[in-house]
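The primary structure of each chain is shown beneath.
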Amino acid sequence: MLKALLVNTNLMRPPVAPLGLDYIGAALRGRGHEVDLLDLAFAGDPGKALEQVLEGSSAEHGYRLVGLSVRNTDDCYMGSQAFFLEPVREMVSVIRSRTRIPVVLGGVGFSVMPEAILDYTGADLGVAGSGERALAALLERSGRPEDVPGLVWKGKGGEWRKNPPDLEPLDGLSLSRRALADNRRYFAEGGQIGVETKRGCGERCLYCADPVSKGRKIRVRDPRSVVREIQGLLEKGIDHFHWCDSEFNLPEAHARAVCEALMASGLGRRIRWYAYLAPAPFPPDLATLMRDAGCAGIDFGADSGSRAMLAALGRSFGPEDLVAAARTSRASGIPCMFDLLIGGPGETRESLRETVDLVRRADPDRVGLSVGVRIYPGTGLASLVRREGFHPGNPNLVGLVEGNESLLRPVFYLSAGLGPDPHRVSAFVKELVGDDPRFFGVGDVPEGQDYNYNENTVLIEAIRRGYRGAYWDILRRLAEGLS
Ligand code: B12
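Predicted model, so just to flag it, every value in this text is computed and none were measured. All chains use their own residue numbering, which begins from 1 and follows the written sequence. Local features in a predicted model are, by the rule used here, given only for residues with pLDDT of at least 70; side-chain atom pairs are given and counted only at 80 or more, and totals for whole chains, interfaces and linings are based on all residues.

Side note on the overall build of the protein
Thinking step 1. Working definition: helices are DSSP H or I runs of at least four residues, strands are E runs of at least two. Numbering for both runs from the N terminus. In terms of helices and strands, the protein carries 19 helices and 18 strands.
Thinking step 2. What the globule rule says is 2.2 Å times the number of residues to the power 0.38, and the radius of gyration is computed from C-alpha atoms. Radius of gyration (C-alpha) of the protein: 22 Å, near the 23 Å computed for a compact globule of 483 residues.
Thinking step 3. The C-alpha extent of the protein, read off along each of the three principal axes, is 65 × 60 × 40 Å.
Thinking step 4. We call a residue exposed when 12 or fewer other C-beta atoms sit within 10 Å of its C-beta, buried when the count reaches 20 or more, and partly exposed for counts in between; the C-beta positions come from the backbone. Counting the 483 residues in the protein, one finds 50% classified as buried.

Observations concerning the packing of helix α1 (residues 19–30) against helix α7 (residues 132–140)
Thinking step 1. Relative to each other, α1 and α7 sit at 50°, their axes nearing to 9 Å. If you check the angle between α1 and α7, you find them oblique. Considering the relative orientation of α1 and α7, their crossing is right-handed. Touching Y23, I24, A27 and L28 of α1 are E132, L135, A136 and L139, all from α7.
Thinking step 2. Residue classes in the contact of α1 with α7 are distributed as 7 nonpolar, no polar and 1 charged. Between N-to-C directions, angles cover 0 to 180 degrees, with each direction set by a line fitted to C-alpha atoms, over the stretch in contact for helices. Oblique is the label for every angle not falling under 35 degrees (roughly parallel), over 145 degrees (roughly antiparallel), or within 65 to 115 degrees (roughly perpendicular). For a crossing to be left-handed, the near helix must be turned anticlockwise from the far one by less than a right angle; the clockwise case is right-handed. Contact definition: two residues whose C-beta atoms, as placed from backbone geometry, lie within 7 Å. When residues are sorted by character, Ala, Val, Leu, Ile, Met, Phe, Trp, Tyr, Cys and Pro go into the nonpolar class, Asp, Glu, Lys and Arg into the charged class, and all the rest, Gly among them, into the polar class.

Here we look at the environment of M78
Thinking step 1. Structurally, M78 is set in the loop between β3 (63–69) and α4 (85–98).
Thinking step 2. Taking the C-alpha atoms as reference points, M78 and Y413, separated by 335 residues in sequence, lie 9.5 Å from one another.

Thoughts on the sheet that holds strand β1 (residues 3–8)
Thinking step 1. A pair of strands is treated as paired once DSSP finds two or more bridges between them. If you walk across this open sheet you meet the 7 strands as β2-β1-β3-β4-β5-β6-β7, and the pairing is mixed. Each edge of the sheet is formed by a strand with only one pairing partner; in this case those strands are β2 (34–39) and β7 (160–162). With direction set aside, neighbouring strand axes in the sheet form an average angle of 25°.
Thinking step 2. Sheet topology places strand β4 (residues 103–106) next to strand β5 (residues 125–127); 3 bridges connect them, and they run parallel. Residue pairing across strands places V104 opposite L125, the latter belonging to β5.
Thinking step 3. Strands β1, β3, β4, β5 and β6 (151–154) of the sheet are contacted by α7, whose axis makes an angle of about 155° with β3.

Some words on the domain arrangement of the protein
Thinking step 1. Domain extents, as shown, originate in an automatic or database domain assignment. Examined at the domain level, the protein breaks down into domain 1 (3–162) and domain 2 (182–372 + 414–479).
Thinking step 2. Centre-to-centre, using C-alpha coordinates, domain 1 lies 28 Å away from domain 2.
Thinking step 3. Taken together, the 20 residues of domain 1 in the interface contact 27 residues of domain 2.
Thinking step 4. A total of 3 residues in the side of domain 1 that touches domain 2 trace back to one element, the largest contributor, which is helix α5 (residues 108–112).

Description of the packing of helix α14 (residues 319–332) against helix α15 (residues 349–362)
Thinking step 1. Contact pair α14 / α15: the axes reach a minimum separation of 8 Å and the direction vectors enclose 30°. Between α14 and α15, the angle is such that the two are roughly parallel. Once α14 is placed against α15, the crossing between them reads as right-handed. The residues of α15 that touch α14, namely those facing P319, L322, V323 and A326, are L358, R361 and A362.

Observations concerning the site of the ligand
Thinking step 1. As a rule, any residue with its backbone-derived C-beta atom within 6 Å of a molecule or strand is reported as near that molecule or strand. In the vicinity of the ligand lie 47 residues, with G20, G67, G106, G131 and G194 positioned nearest.
Thinking step 2. Put simply, the parts of the chain that give the shell around the ligand at least two residues each are α1, β3, β4, α5, α7, β8 (193–195) and α9 (210–214).
Thinking step 3. Considering every element that reaches the shell around the ligand, the biggest residue donor is α1, with 5 residues.
Thinking step 4. The class makeup of the residues in the shell around the ligand is 22 nonpolar, 18 polar and 7 charged.
Thinking step 5. Structurally, the shell around the ligand is a two-domain feature, drawing no fewer than three residues from each of domain 1 (3–162) and domain 2 (182–372 + 414–479).

Dropping the structure here:
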């Protein structure tokens with residue numbers, strides 16, 4: 001039996017449970033190891049909490065490694081650009097000042113730019129992609145570094161080396177046991193609990209980091225294992241969930257299999273869940289199946305209402321699919337939201353007008369607007385920006401450009417076709433949207449109309465008062481005076 005300390009570094013509010021650490025904890029415990037979680041989301045002063053847990057020598061605790069989870073590099077929101085790696089760097093330095101045991105980083109945000117994050121934070125090692133098997137191998141110190149999937153480590157010449165990620169089938173992992181994180185508390189303060197039904201995304205969206213961090217190969221879970229996981233959480237009083245798949249309906253057959261398993265187990269009537277979906281495929285019978293399996297809301301990755309913009313963003317559906325998706329959702333009685341990405345390559349005031357018109361016609365229950373597209377390494381957007389030139393003279397860039405070639409710090413694409421001034425872009429979007437209550441606000445907006453879940457005090461308060469569910473749906477119900 002070996003011992004590891006896992007640390008959740010995500011301090012955002014409302015708090016989202018560290019699902020990745022829960023899964024890794026289950027895998028390590030399943031192999032007979034002992035795992036402690038230091039959850040800094042609930043710790044008050046992160047530095048002090050780390051010092052306390054490492055008090056005395058690490059040999060005394062017997063920890064063989066400390067693993068830090070980096071879910072978000074920043075809030076990926078052009079209006080705020082909150083950067084979360086600085087506190088992670090401080091955490092690594094506190095750990096370093098107390099112990100020499102290896103500090104390993106991992107997590108979805110980390111996996112997008114592992115080398116740059118290791119350089120910046122000073123951690124020893126990292127794992128890009130799935131962490132269950134890799135962390136077990138690191139803890140057990142079995143095999144050579146070259147054999148640990150996804151490992152990022154320093155070679156003899158001081159250069160970073162990176163192994164291909166773990167893309168093995170998920171069925172070999174026992175993910176259902178959710179016992180490391182305090183999920184009851186996360187449910188009480190965060191309003192929903194995440195569950196993954198598969199990993200990976202094979203789509204070719206220009207901007208998206210999911211294929212980079214999760215892989216293009218789709219690895220599905222046995223739906224019975226998902227059911228077991230939900231049953232265990234339900235026994236803890238948790239009955240609102242969010243699927244943590246990139247897009248639940250890709251592939252459609254797996255979405256159906258999960259819904260059918262939920263219905264067969266009788267869970268469909270006892271739980272409510274939310275999901276990200278691609279606007280197509282979304283046939284009416286899938287919608288009714290999802291509803292009967294407990295679906296309470298869908299967040300469609302709509303991106304744009306302009307055909308040219310959808311093509312530029314690498315999406316495989318058209319504006320007509322958006323209209324159909326909202327109609328189908330409405331007919332099945334599931335509220336839905338459209339997520340729009342404004343300012344991608346080629347965006348103009350005209351394409352924006354088309355988008356707002358189309359969205360009004362489609363009539364989803366809510367519309368989230370992200371002005372500016374975060375540029376992540378390894379994506380088509382990053383390559384396009386390199387071709388355009390990544391320098392302060394490029395009029396399409398907003399955020400830190402100089403000295404930020406690794407894209408570590410927040411930097412966004414905002415098409416100069418919308419005009420030279422980002423503030424004027426937000427003002428123009430506001431003008432187009434008018435006082436249509438379906439649209440979440442952009443730029444400086446009153447609390448509660450903001451589409452950023454970072455330090456969202458309206459949400460925090462609503463959850464405290466008993467609201468549960470996806471954040472957009474809680475904000476919708478608040479606005480509509482529903483409970
Ligand atoms: C579902 C989701 C949400 C839901 C969460 C619901 C819930 N209850 O969990 C909601 C809508 C609330 C949400 C909100 C936000 N999200 Co979000 N979200 C996701 C999504 C789709 C899934 C996250 C997840 O849980 N994955 C499943 C878990 C199991 O995977 P994992 O965390 O990666 O863990 C594995 C590995 O990374 C690794 N690992 C993890 N930790 C560790 C630690 C060590 C030591 C090791 C070795 C390995 C390791 O092993 C794990 C198991 O294999 C991801 C994209 C994606 N496909 O992952 C975006 C994503 C994480 N979100 C993102 C963002 C930006 C946000 C927000 C900041 C948006 C905002 N401004 O409001 C907020 C932040 C909220 C918060 N408090 O943290 C970005 C982050 C990008 C970045 N570079 O930082 C992502 C990647 C989306 C994207 N492509 O841009 N999100």
